[in-house]
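Summary of the model geometry
Take a look at the letters that make up each chain.
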Amino acid sequence: MSNYRITLLPGDGIGPEIMSVTTGILKQVGEQLGIGFEFKEALMGGAAIDATGSPLPDETLAICKDSDAVLLAAIGGYKWDNLPRHQRPETGLLGLRAGLGLFANLRPASILPQLIDASSLKREVVEGVDIMVVRELTGGIYFGQPKGIFETETGEKRGVNTMVYSEGEIDRIGKVAFETAQKRSGRLCSVDKANVLDVSQLWRDRITQMAADYPDVELSHLYVDNAAMQLIRAPKQFDTIVTGNLFGDILSDAAAMLTGSIGMLPSASLGAAGPGVFEPVHGSAPDIAGQDKANPLAQVLSAAMLLRYGLNEPEAASRLEQAVQTVLDADYRTGDIMSAGKTLVGCQAMGEALKQALG
Ligand code: NAD
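Values in this document were obtained by computation on a predicted structure and should not be read as measured data.

**Some thoughts on the overall build of the protein chain**
Within the protein chain, the secondary structure is distributed over 12 helices and 14 strands. Relative to the compact-globule value of 21 Å for 359 residues, the protein chain shows a C-alpha radius of gyration of 21 Å, a close match. Across its three principal directions, the C-alpha atoms of the protein chain cover 65 × 50 × 45 Å. Taken over 359 residues, the protein chain has a buried fraction of 52%. Sequence-distant contacts in the protein chain: of pairs separated by 6 or more residues, those separated by 24 or more amount to 75%. As presented, the protein chain carries roughly 16,000 Å² of accessible surface, and 50% of it is formed by carbon and sulfur atoms. Between the centroid of the 31 positive side chains of the protein chain and the centroid of its 44 negative side chains there is a distance of 2 Å.

Here is the structure:
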């Protein structure tokens, strides 16, 4: 029997509520398939600031490093919004990414047929959309040097950022992207701005070279301006998209919004080796925290990504995804995805429905 050590970071706001539902579901699927989970909970975000003064205590990072995968709920809230930047909950998130070397961010955007009317685009445009955006997370213009606001000799200020990618950085995100495409329908679109940027030309050259090692993946390229247009015009043409940090930041949000519902979106951040971090895209929703109103489905789908991409347990992942489909088919809805004629349930009741759906 496989036995995995999972670090749980429930964080703040609705985090503990959606985490508790999700661990119950994980245990159940583990029992069904003979997969053992050893859960260890650690402090992060506002809860960690209150207890230790730091949003990411050393002990938490050590526990994460020592595990097979990390399941994070959400961090932050009004109480900590005005602290100095190094003490803010979000600083803990950046520290976690850096500490675990997480350079690849996977953000799926699939339209669930039951929620199709939540999209702002027409049904025929979004029906069947199933996209995975693979974004480089620790390089590119957000981190390149030099960066800063400098004063020139004339006293005028200049803001500078540098977009830089080395071959090694491109190759490692390329590998994640090709392997992700292999696990999906085998189509990969690399997005860059090679008509203008040298850094993008290198990106395109390397990704093209890598394609020879993945004959089962069909590779295409798009310039980022065209990709943005195509995502809105005809999103079904995309399967897996790979792109750099800046373009990925923007395109992954655009792709996510095709689905229309933030309470349904999971994500994964992966490194070369060691544990990945799996978390919903949404925040800690302090406005509904502690009221049993939170939608736990993005957290459950994040656990499915943990199983598929973190532990290579695709059968268990599919069972969780199927359970989500089943509860939606049975018309259960939390407030954020509620519509006429459906049954309004709270976080706990949605958890119970998921347990029943798992069987
Ligand atoms: P948010 O995603 O927390 O909430 C936006 C809106 O969506 C709110 O009305 C909220 O009630 C609703 N919502 C979000 N998730 C929901 C869910 N699962 N079920 C039902 N409704 C849900 O974004 P925000 O309000 O901008 O930020 C709140 C806090 O979360 C801030 O402190 C912010 O810094 C933090 N945040 C954390 C993360 C993270 O942990 N990765 C991400 C984004 C924001």
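Still more to cover.
**Considering helix H4 (residues 89-100)**
A rise of 1.5 Å per residue sets the reference length of H4, with its 12 residues, at 16 Å; its end C-alpha atoms lie 17 Å apart and thus fit the reference within 8%. Pro89, Gly92, Leu93, Leu96 and Leu100 are the residues of H4 that are buried. Across the axial projection of H4, the buried residues extend over an arc of 105 degrees, all falling on one side. Residues of H4 that are exposed and angled more than 90 degrees away from the buried face: Leu94 and Ala98. Where H4 is buried, its residues touch strand S1 (2-11), helix H2 (46-52), helix H3 (58-65), strand S3 (69-74) and strand S12 (277-280).

**Brief notes about the site of the ligand**
Surveying the vicinity of the ligand reveals 18 residues, the closest of which are Glu90, Gly283, Ala285, Asp287 and Asn295. Separating an oxygen atom of the ligand from a side-chain N or O atom of Asp287 is a distance of 2.9 Å. Protein contacts shield 69% of the accessible area of the ligand, which totals 800 Å² for the unbound molecule. Split by residue class, the shell around the ligand holds eight nonpolar, six polar and four charged.

**Concerning the UniProt feature "binding site: substrate" (unreviewed entry) in the protein chain**
UniProt records the feature "binding site: substrate" (unreviewed entry) for Arg97, Arg107, Arg135 and Asp225 in the present numbering. What stands out for the annotated residues spanning 129 residues is how far apart their C-alpha atoms range, the widest pair being 28.3 Å apart. Along the chain, Arg107 falls in strand S4 (residues 104-110). Setting aside chain neighbours within four positions, we find Arg107 in contact with Ile131, Met132, Val133, Ser252, Asp253, Ala256, Pro266, Ser267 and Val281.

**As for helix H10 (residues 297-310)**
Given a rise of 1.5 Å per residue, 14 residues ought to cover 20 Å, and the 19 Å separating the end C-alpha atoms of H10 matches this to within 8%. One or two steps after H10, the chain reaches Asn312, where phi turns positive at roughly 55 degrees.

**So, the nonpolar core**
The biggest cluster of nonpolar side chains holds 67 residues, and the ones touching the most others in it are Ile6, Leu71, Leu106, Met264, Phe278, Leu320 and Leu354. Examining the composition of this core, we find that nine residues originate from one element, H10, more than from any other. Composition of this core by domain shows at least three residues from each of domain 1 (1-101 + 272-359) and domain 2 (126-261). Excluding residues that lie within four positions of it along the chain, Ile6 makes contacts with Phe37, Glu38, Phe39, Lys40, Ala69, Leu71, Leu306 and Leu311. Grouped together as the second largest cluster of nonpolar side chains are 19 residues, Ile116, Val129, Ile131 and Phe238 included.

**Remarks on the UniProt feature "domain: Isopropylmalate dehydrogenase-like" (unreviewed entry) in the protein chain**
Mapped onto the present numbering, the UniProt feature "domain: Isopropylmalate dehydrogenase-like" (unreviewed entry) falls on residues 5-354. Taken end to end, residues 5-354 comprises 41% helix and 20% strand; its first and last C-alpha atoms sit 23 Å apart.

**What to know about the pairing of strand S7 (residues 157-160)**
Relative to S7, strand S6 (residues 148-151) runs antiparallel, the two sharing four bridges. Across the sheet, Phe150 pairs through a bridge with Arg158, a residue of S7.

**Section: the sheet that holds strand S8 (residues 187-192)**
Backbone-to-backbone hydrogen bonds pair the strands of a sheet. The strands run either parallel or antiparallel. Reading across the sheet, the 10 strands line up as S2-S1-S3-S12-S11-S4-S5-S10-S8-S9 and stay open at both edges, with mixed pairing between neighbours. Because the sheet does not close on itself, it has two edges, and the strands there are strand S2 (35-41) and strand S9 (218-223). The average angle at which neighbouring strand axes cross in this sheet is 25 degrees, direction not considered. Two elements, strand S11 (residues 266-270) and S12, share four bridges in a ladder whose sense is antiparallel. Looking at the pairing, Ala268 lines up with Phe278 of S12. Along the sheet, H3 contacts S1, S2 and S3; its crossing angle with S1, the most-contacted strand, is approximately 150 degrees.

**Focus: the environment of Pro286**
Within the fold, Pro286 resides in the loop between S12 and H10. When the C-alpha atoms of Pro286 and Ile14 are compared, they prove to be 6.8 Å apart, with 272 residues separating the residues in sequence. When neighbours within four sequence positions are excluded, Pro286 is seen to be in contact with Gly77 and Tyr78.

Scoring rules and cut-offs
Residues numbered from 1 in each chain as written. Predicted model: local features only at pLDDT ≥ 70, side-chain atom pairs only at ≥ 80, totals over all residues. Heavy atoms only, no water. Helix = DSSP H or I, 4+ residues; strand = E, 2+ residues; numbered from the N terminus. Rg over C-alpha atoms; globule rule 2.2 N^0.38 Å. Buried < 20%, exposed > 50% of the residue type's maximum accessible area, 1.4 Å probe, protein only. Contact = heavy atoms within 4.5 Å. Areas by Shrake-Rupley, 256 points an atom, 1.4 Å probe, with all protein chains shown as cover. Lys, Arg positive; Asp, Glu negative; His and termini not counted. Charge placed at Lys NZ, Arg CZ, Asp CG, Glu CD. Expected span 1.5 Å × (residues − 1). Arc of directions from axis to C-beta. Near = heavy atom within 4 Å. Polar contact = N/O pair within 3.5 Å; in protein donor to acceptor, adjacent residues only side chain to side chain. Nonpolar A, V, L, I, M, F, W, Y, C, P; charged D, E, K, R; others polar. UniProt positions renumbered as here; feature names shortened; annotations may be inferred. Core = buried A, V, L, I, M, F, W, Y, C linked by side-chain atoms within 4.5 Å. Domains from an automatic or database assignment. Pairing = 2+ DSSP bridges. Axes fitted to C-alpha atoms, helices over the stretch in contact; angles between N-to-C directions.

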